[in-house]
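Below, each chain spelled out in residue letters.
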Amino acid sequence: MSTELAKTYDAAAAQTRWVEHWLNHGYCNADPDPQRQQHTIMIPLPNVTGALHMGHCLNGTVQDLLTRWRRMQGRVALWMPGTDHAGIATQAVVERRMLEEEGLTRHDIGREALVQRIWKWKNDYEARILNQLKQIGSSCDWRRVRFTLDDVCSRAVRRTFFRMFGDGLVYRGKRLVNWDTYLQTAVADDEVFHEDVAGHFWTMNYPVVDAAGQPTGRRISFSTTRPETMLGDAAVCVHPTDERYSELVGQMVRIPVCGRTIPIIADGLLADKTLGTGAVKVTPAHDPNDYACGLRHHLPMLNILNPDGTINENGGEFQGLDRFEARRQVVARMEALGHLEKVEDRIIPIMHSDRSKTAIEPFLSDQWFVRMDELAQNAIDAVEDGRVRFFPQRYARTYVDWLAEKRDWCISRQLWWGHRIPVWSQPAGQGDQRIASLSAFGAELLPDGRIQFPECWREQLAATLAPGLHPGEELILCCVDAGHDQLEQQLGALGFVQDEDVLDTWFSSALWPHATLGWPDQQRNPPMLGEPAPAVTGTNEVLNYFYPGSVLVTSRDIITLWVARMVLTGLYNMGDVPFRHVYIHPKILDGLGQTMSKSRGNGVDPLELIEKYGTDAVRFTIASLCGETQDVRLPVGYECPHCQAVTPQTKEHQDMKPMGGPNPSIKCAKCKQSFQFPSPWFTPDDGAPVARIVSERFDYGRNFCNKLWNACRFAFMNLEGYTAAPVAEADLQVEDRWILSRLSSTLREVTLMLDRYQFDQATRAVREFTWNEFCDWYLELLKPRFRNPESKAVAQRVLVVVVDTLLRLLHPFAPFITEELWHKLNELAPERGLTDPVRRSESVMMAEWPTLPISRIDEALEKRFERLQQTIIAVRNVRSVYGISPAVQLKLFMRCTPEVAEQLQAVAGQFDFLSKTMLEAAGLDISRPAGAASFSLGDADGYIPLEGLIDRQAELTRQTKEAEKLRGFIRGHEGKLSNAGFMAKAPEKVIAEIQETLAGLKAQLASVERILAELS
RNA sequence: GGGCCCAUGGCUCAGUUGGUUAGAGCGUUCGGUUCACAUCCGAAAGGUCACAGGUUCAAGUCCUGUUGGGCCCACCA
């Protein structure tokens, strides 16, 4: 068995090894155990649209850190993995690719085929995403992987919709959508973009008519950029306080091109006195603001467009014309009739579809909604009474404010990829005007084809359907729960057809916390990946045990879309909140403070980082950035493919576009060679060397891992002959007690900070201990002890305890390197412990989160140790200031009290190792030897004879400067103490502290002055 | 337009309920081939805490305003 650790840590090898090891041993699995407390985290399901990016990496790091920590604390820690079908985003990606590569649209291949293609895409990307998660060390229970469209989740979706339908929480209504007339589909708000287009601004007028429809002679003027919409006008609107029009409000106008008469109304939200003529035409079916106004004034919603963008039958003589042609003809007609006043050229912002690049038409269509009033109120209550707590707390406000609007939630989407709305309807003209919710135990289908349903449906029908129905139309809507295939077939046979639309993606992700655990099945546990369905036991232990979750870890932009809705559905379906805590982590920005994204060309690829720095380094760095105040800025740079030098990315780089000829390139400042780089504006030329985007901030984590590795390497090299045995308190050296004291403090600090989700502070504490205390001081102090056979054994035992504890402490932050080192430690020192050495667990992942008795913290001892440190620092300072070679042995004289002298003598041996200096003498009777450099520590003065080396003038200057600095501080403190207000009002404790400090400063000044006197 | 957040050495960030001399990493300068580590060691320089007022015995920290930046929401006939 070799005690030698490889000279450098091989991150890639360790990662492969331990990912597999953990999986094989089932360490990530979490099964209900009534004897132990649970800890549940549900992953914020990544979209299957593409690979993971830095945001996911940060999100995953935090969750894994928490999961590993809680697991080590003895909890049954479940981290539930899974992915989201992400309706619109995924369908869009697949459609775009299909169009680019094959020139096909979804209409060419049909619903079935498209959905099949998307499933294929989903399978590829899901595999890729899950693999990425594994690569960053995620200790998810991989047996429980879920997907929002899998059977378990689908069932939950169906049941939720069914329940809401039955409770009257779901209704069908009208809503304006962004209609792409080219693709003939609705597109989401985030799939449209504004583009300024040269257009016209027409000012026209409508004649005011009397009750008999005869012109009164007055006219009312308005301006518009879309004259053809006047075919669907429902009113002309003015501001209620606009005196120009006040006597016209309530009168009627006639639309000259179609002869309809419409009212003049007053609406302060829509009309603005200062704009245009102050009057505006209202087209509720074709403009979002007009739509809202139409609702307020109960105006008819007249749709004038066909899905392909031509004018429909409501457009009278303009029927069949494309909307732009109709616009020309309407304008011509208005002009011919003498109602056109003027035309201006104007740049108009027009919404365009991301996908077809054609202009969007606001289009009124049937949509499904969830009534939010009561559901939202319950979700607000849960946060306000503390059942759900936000970290940092301020985000609770975002959540509450949004929910308080209680805007009904539009849950239908005109897509093919998603959960199809489980409602069947009978075409108009057949059957009664009814709405029904069918299930095996609810309403049922009668032999004669009628549906027996609860009486309450009649009322709901009247309340929710009437606005969407034209007179004479009749409609039956049936909602069917999951698992009733036969019923669906029967409905089909009766001529019912299922709604074409699918549910909003957030509808299914809102159920994630309980759907993934098998809800609504209360009879058995949810099925696991690749295993047969579990036996019916009459109870779903998994759901009961792991719900509600412990903490949700996510970023602030989906507090409303997702967090709020999970709470809402959790309360509705489970009667309890889905999680107790919500930790909102920072967002990752580039060096310019912009969000990272591919479309900006500033994205750093987590897998490339992992390749370059190692997973632990990336995780450790990320954790160090996760505080609660600010977003995280990662200045990025291009790594030269020739020499690896990094060129910082600037705005100019981001904006560089091809100007003809070869694509833009950057010249490396170091090796003077050129390279191309990833950009949203072009793909690098074939064969050209391409830089990758990196961020040097990850050096932080890499350097730390290197330090840890080498510290352990050193420790392991010195473990030869190690035997486990209890260490008597009396055998502990000063530095042993010191490091154990510091270790205890660190432990306490890290645990506390993790508890508060302050990962930056936890990381800082553990790094400082490891580097500045363990490595810089303790390991150095051990070196002489290892050379002495008598002191070796105790040193080894204490060292082993510290390393053992440290590895456990670090494991959640850096799982791979700690596991690698832990296994080595298990070989070298299988049994370890201060009082009763024991064999630790095989894997550090399953080891206990360390605890040390609070009594190990010894502040008096730490203070004494600090003096030793300061003495050595002062000696090094003198050496550095006078440029004395580190090889030269120095002598040190200390003037101090006998007590301090004794303490210094006790560690005299250490001076030699830490500063190549011999402590010659210490005591009250020491005076400055001739030609010595001096320093003052407050309660002790040090002298280092430097015969011939010291420049007396320089030393004088140095000490004078020091004295000046001290006098400045003293002045400040004395000023405070002589301030009557301060003495009268400041707490005694503060006054005492100031006095104490002042005394210290004065003592220090006195010794500096003595040194000065001796010098001159 | 509404809401939230941020502004601290060249860069990236800490700074607990106001209370000793404002800290760290990177970078910079100087010095180091000490048998764990140059991904390292030692030392140093570098800050009127964005600006202007106010509260207080005391302000980086609390309040008001200004400027600059970020995010979310709403809106722009």
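Residues numbered from 1 in each chain as written. Chains lettered and ligands numbered in written order. Predicted model: local features only at pLDDT ≥ 70, side-chain atom pairs only at ≥ 80, totals over all residues. Heavy atoms only, no water.

### Observations regarding the overall build of chain A
Thinking step 1. When helices and strands are tallied, chain A shows 29 helices and 39 strands.
Thinking step 2. The C-alpha extent of chain A, read off along each of the three principal axes, is 120 × 70 × 70 Å.
Thinking step 3. The long-range share in chain A, meaning contacts at least 24 apart out of those at least 6 apart in sequence, stands at 76%.
Thinking step 4. For chain A, the accessible area works out to roughly 44,500 Å², and carbon and sulfur atoms hold 50% of it. (Helix = DSSP H or I, 4+ residues; strand = E, 2+ residues; numbered from the N terminus. Contact = heavy atoms within 4.5 Å. Areas by Shrake-Rupley, 256 points an atom, 1.4 Å probe, with all protein chains shown as cover.)

### Focus: the protein's contact with RNA strand B
Thinking step 1. Near RNA strand B you find 56 residues, and of these Asn-289, Arg-697, His-973, Lys-985 and Thr-997 are the closest.
Thinking step 2. Considering the 4 Å shell around the protein, atoms of RNA strand B inside it are sugar or phosphate in 65% of instances.
Thinking step 3. The backbone of Cys-775 places a nitrogen or oxygen atom 3.5 Å from a base nitrogen of RNA strand B.
Thinking step 4. Of all the elements, helix 19 (residues 699-717) adds the most residues to the surface near RNA strand B, at ten residues.
Thinking step 5. A per-class count over the surface near RNA strand B returns 20 nonpolar, 17 polar and 19 charged. (Near = heavy atom within 4 Å. Polar contact = N/O pair within 3.5 Å; in protein donor to acceptor, adjacent residues only side chain to side chain. Nonpolar A, V, L, I, M, F, W, Y, C, P; charged D, E, K, R; others polar.)

### Thoughts on the sheet that holds strand 25 (residues 549-555)
Thinking step 1. Ordered in space as 15-26-25, the three strands form an open sheet in which the pairing is parallel. The sheet is open, and its two edges are formed by strand 15 (389-391) and strand 25, each paired on a single side. When strand polarity is set aside, the average angle formed by the axes of neighbouring strands in this sheet is 20°.
Thinking step 2. In this structure, strand 25 lies alongside strand 26 (residues 579-585), joined through six bridges in parallel fashion. Residue pairing in the sheet places Val-553 in a bridge with Tyr-583 of strand 26.
Thinking step 3. Helix 2 (residues 54-72) rests against strand 25 and strand 26 of the sheet, and its axis sits at about 160° to strand 25. (Pairing = 2+ DSSP bridges. Axes fitted to C-alpha atoms, helices over the stretch in contact; angles between N-to-C directions.)

### Examining the confidence of the model for chain A
Thinking step 1. For chain A, per-residue confidence averages 84 on the pLDDT scale, and residues scoring 70 or more make up 94% of the total.
Thinking step 2. Per-residue pLDDT stays below 50 along residues 429-445; that stretch engages in 63 contacts with residues further than four places along the chain or on separate chains. (pLDDT = per-residue confidence, 0-100.)

### Quick word on the nonpolar core
Thinking step 1. Ranked by internal contacts, the top residues of the largest apolar core, which has 213 residues, are Met-54, Phe-161, Phe-390, Tyr-399, Phe-716, Phe-774 and Met-894.
Thinking step 2. Take this core: its biggest share by element is 13 residues, from helix 21 (residues 759-787).
Thinking step 3. The next biggest cluster of nonpolar side chains, apart from the first, holds 31 residues, and it includes Trp-179, Ala-186, Ile-255 and Ile-304. (Core = buried A, V, L, I, M, F, W, Y, C linked by side-chain atoms within 4.5 Å. Buried < 20%, exposed > 50% of the residue type's maximum accessible area, 1.4 Å probe, protein only.)

### Overview of the sheet that holds strand 29 (residues 637-639)
Thinking step 1. Strand order in the open sheet made by the three strands is 30-29-33, with antiparallel pairing throughout. The open sheet has two edge strands, strand 30 (646-648) and strand 33 (692-694), and neither has a second partner. Going from strand to strand, the sheet's axes swing by 35° on average, the running direction of each strand aside.
Thinking step 2. Bridge analysis of strand 29 against strand 30 gives three bridges, and the strand direction is antiparallel. Looking across to strand 30, one finds that Gly-637 is bridged to Pro-648.
Thinking step 3. In the packing of helix 16 (residues 606-613) onto the sheet, the strands contacted are strand 29 and strand 33, and the crossing angle to strand 33 comes to about 75°.

### Examining the environment of Lys-965
Thinking step 1. As for its position among the elements, Lys-965 is in helix 27 (residues 952-977).
Thinking step 2. Sequence separation of Lys-965 and Asp-108 is 857 residues, and the distance between their C-alpha atoms is 82 Å.

### Notes on the pairing of strand 1 (residues 38-42)
Thinking step 1. Among the five residues of strand 1, five are classified as buried, and the element is accordingly described as predominantly covered.
Thinking step 2. Examined bridge by bridge, strand 1 and strand 2 (residues 76-80) share five bridges and lie parallel to one another. Opposite His-39, over in strand 2, you have Ala-77 as the bridge partner.
Thinking step 3. The handedness of the strand 1 to strand 2 crossover, carried by helix 2, is right-handed. (Right-handed = clockwise from strand over helix to strand, strands pointing away.)

### Structural notes on the pattern of salt bridges
Thinking step 1. All told, the structure shown has 54 salt bridges when counted by the stated rule.
Thinking step 2. Residues Arg-580 and Asp-576 are paired through a salt bridge, measuring 3.8 Å at the closest nitrogen-oxygen approach.
Thinking step 3. Its relative accessible area of 22% is what places Asp-576 among the partly exposed residues.
Thinking step 4. With a shortest N-O distance of 2.7 Å, Asp-804 and Arg-808 are connected by a salt bridge. Here Arg-808 and Asp-804 lie together in helix 22 (residues 789-810), a separation of four residues that amounts to about one turn.
Thinking step 5. Assessed through its relative accessible area of 6%, Arg-808 is described here as buried.
Thinking step 6. Taken together, the shared-partner salt bridges connect Asp-31, Asp-141, Arg-143 and Arg-144 into one network. (Salt bridge = Lys/Arg side-chain N within 4 Å of Asp/Glu carboxyl O.)

### Observations regarding the packing of aromatic side chains
Thinking step 1. Under the defined criterion, the tally for this structure stands at 29 aromatic pairs.
Thinking step 2. With centroids separated by 4.9 Å and ring planes inclined at 50°, the aromatic side chains of Tyr-638 and Phe-677 adopt a geometry described as tilted. Within this pair, whereas Tyr-638 is found in strand 29, its partner Phe-677 is found in the loop between strand 32 (674-675) and strand 33, the two being separated by 39 residues in sequence. Of the two residues examined, Tyr-638 and Phe-677, each falls in the buried class.
Thinking step 3. Connected via pairs of aromatic rings, a cluster forms that spans Phe-161, Phe-165, Trp-368, Trp-409 and Phe-507.
Thinking step 4. When the ring centre of Tyr-572 is taken as origin, the NZ or CZ atom of Arg-163, which lies over that ring, is 4.3 Å away.
Thinking step 5. Across the ring face of Phe-714, the terminal group of Lys-783 is positioned such that the distance to the ring centre comes to 5.4 Å. (Phe/Tyr/Trp six-rings, centres within 6.5 Å; stacked < 30°, edge-to-face > 60°. Lys NZ or Arg CZ within 6 Å of the ring centre and 35° of its normal.)

### Focus: the environment of Leu-133
Thinking step 1. For Leu-133, the position within the fold is in helix 4 (residues 106-135).
Thinking step 2. Residues Leu-133 and Gly-60, 73 residues apart in the sequence, show an inter-C-alpha distance of 7.4 Å.
Thinking step 3. Residue contacts for Leu-133: discarding those within four places in its chain leaves Ile-43, Leu-52, Ser-138 and Trp-142.

### Re the side chain of Ser-154
Thinking step 1. Position of Ser-154 relative to the elements: it lies in helix 5 (residues 151-166).
Thinking step 2. Residues in contact with Ser-154, not counting those within four places in the same chain, are Thr-148, Leu-149 and His-419.

### Considerations on the packing of helix 2 against helix 20 (residues 734-755)
Thinking step 1. Contact geometry for helix 2 and helix 20: axes closest at 11 Å, N-to-C directions at 125°. By the angle between their axes, helix 2 is oblique relative to helix 20. The element helix 2 and its partner helix 20 pack so that their crossing is left-handed. Contacts between helix 2 and helix 20 pair Leu-65, Leu-66, Trp-69 and Arg-70 from the former with Thr-751, Leu-754 and Asp-755 from the latter. (Parallel < 35°, antiparallel > 145°, perpendicular 65-115°, else oblique. Left-handed = near helix turned anticlockwise from the far one by under 90°.)

### Structural notes on the environment of Glu-955
Thinking step 1. Looking at the element boundaries, Glu-955 is found in helix 27.
Thinking step 2. A sequence separation of 21 residues divides Glu-955 from Ser-934, and the C-alpha atoms of the two residues are 8.3 Å apart.

### A word on the packing of helix 3 (residues 87-102) against helix 4
Thinking step 1. For the pair helix 3 and helix 4, interaxial distance at closest approach is 10 Å and the crossing angle is 115°. Here helix 3 and helix 4 pass one another in a crossing that is right-handed. Every residue of helix 4 that contacts helix 3 at Thr-90, Gln-91, Val-93, Val-94, Glu-95, Arg-97, Met-98 and Glu-102 is listed here: Arg-106, Ile-109, Leu-114, Arg-117, Ile-118 and Trp-121.
Thinking step 2. In terms of residue class, the contact of helix 3 with helix 4 is built from seven nonpolar, two polar and five charged.

### A word on helix 15 (residues 559-574)
Thinking step 1. In terms of burial, helix 15 is largely enclosed, as 14 of its 16 residues are buried.
Thinking step 2. In the stretch just after helix 15, Gly-575 is the one whose phi turns positive, near 75°.

### Here we look at the state of the cysteines
Thinking step 1. Under the defined criterion, the tally for this structure stands at zero disulfides.
Thinking step 2. No disulfide involves Cys-293; its nearest neighbouring cysteine sulfur is the one of Cys-237, lying 4.7 Å away.
Thinking step 3. We classify Cys-293 as buried; its relative accessible area is 0%.
Thinking step 4. Lacking any disulfide linkage, Cys-775 is separated from the closest cysteine sulfur, that of Cys-712, by 8.3 Å.
Thinking step 5. With relative accessibility at 7%, the residue Cys-775 sits in the buried group. (Disulfide = S-S within 2.5 Å.)

### Regarding unusual backbone geometry
Thinking step 1. The residue after Phe-391, namely Pro-392, is reached through a cis peptide bond having omega -10°.
Thinking step 2. Looking at where Pro-392 falls in the secondary structure, it is placed in the loop between strand 15 and helix 9 (395-404).
Thinking step 3. Along the chain, Trp-519 connects to Pro-520 via a cis peptide bond; the corresponding omega equals 10°.
Thinking step 4. In this structure, Pro-520 sits in the loop between helix 13 (512-515) and helix 14 (541-546).
Thinking step 5. In the Ramachandran plot, Gln-644 falls in the positive-phi region, its phi being about 70° despite a non-glycine side chain.
Thinking step 6. Its location among the elements puts Gln-644 in the loop between strand 29 and strand 30.
Thinking step 7. Of the residues examined, Gln-644 reaches a relative accessible area of 47% and is grouped as partly exposed.

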